[in-house]
Amino acid sequence: PATQRRARASLSDLSREDDIESLTVRQLKEILARNFVNYSGCCEKWELVERVHRLYRENEVNRRS
């Protein structure tokens, strides 16, 4: 059986904040885990999306300063 290797989702893959909406639950969780954000209480996709949005905004502020 051929195993398909896929690239891990990363915050740097996002060119703009609107791209977050199109990510899968797995990709959202990968981004949060790679950035040490706890998502254990999240039961719905929108909760993960909110956390990635917050992370994206914080990353942009830190990058600019």
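For the structure itself, consult the block above.
Residues numbered from 1 in each chain as written. Predicted model: local features only at pLDDT ≥ 70, side-chain atom pairs only at ≥ 80, totals over all residues. Heavy atoms only, no water.

## Here's the deal with the packing of helix H1 (residues 25-34) against helix H2 (residues 45-64)
Taken N-terminus to C-terminus, the directions of H1 and H2 make an angle of 40°; their axes are 10 Å apart at the nearest point. In terms of orientation, H1 lies oblique with respect to H2. For the pair H1 and H2, the sense of crossing is left-handed. Of H2, the residues touching H1 (which contributes Val25, Leu28, Lys29, Ile31 and Leu32) are Lys45, Leu48, Val49, Arg51, Val52 and Leu55. Class assignment for the residues of the contact of H1 with H2 results in 8 nonpolar, no polar and 3 charged. (Axes fitted to C-alpha atoms, helices over the stretch in contact; angles between N-to-C directions. Helix = DSSP H or I, 4+ residues; strand = E, 2+ residues; numbered from the N terminus. Parallel < 35°, antiparallel > 145°, perpendicular 65-115°, else oblique. Left-handed = near helix turned anticlockwise from the far one by under 90°. Contact = heavy atoms within 4.5 Å. Nonpolar A, V, L, I, M, F, W, Y, C, P; charged D, E, K, R; others polar.)

## Focus on the environment of Ser40
In this structure, Ser40 sits in the loop between H1 and H2. For Ser40, a relative accessible area of 63% corresponds to the exposed category. Expressed as a C-alpha distance, the spacing of Ser40 and Lys29, which sit 11 residues apart in the sequence, is 9.8 Å. (Buried < 20%, exposed > 50% of the residue type's maximum accessible area, 1.4 Å probe, protein only.)

## Digging into the pattern of salt bridges
Scanning all chains against the criterion turns up 5 salt bridges. Across the pair Arg16 and Asp18 runs a salt bridge whose closest N-O atoms are separated by 3.3 Å. By relative accessible area, which is 55% here, Asp18 ends up exposed. Linking Arg63 and Glu60 is a salt bridge whose minimum nitrogen-to-oxygen distance equals 2.7 Å. Placement of the pair is Arg63 and Glu60 together in helix H2, with a separation of 3 residues, close to one helical turn. Assessed through its relative accessible area of 57%, Arg63 is described here as exposed. (Salt bridge = Lys/Arg side-chain N within 4 Å of Asp/Glu carboxyl O.)

So yeah, pure geometry; function would need other evidence.
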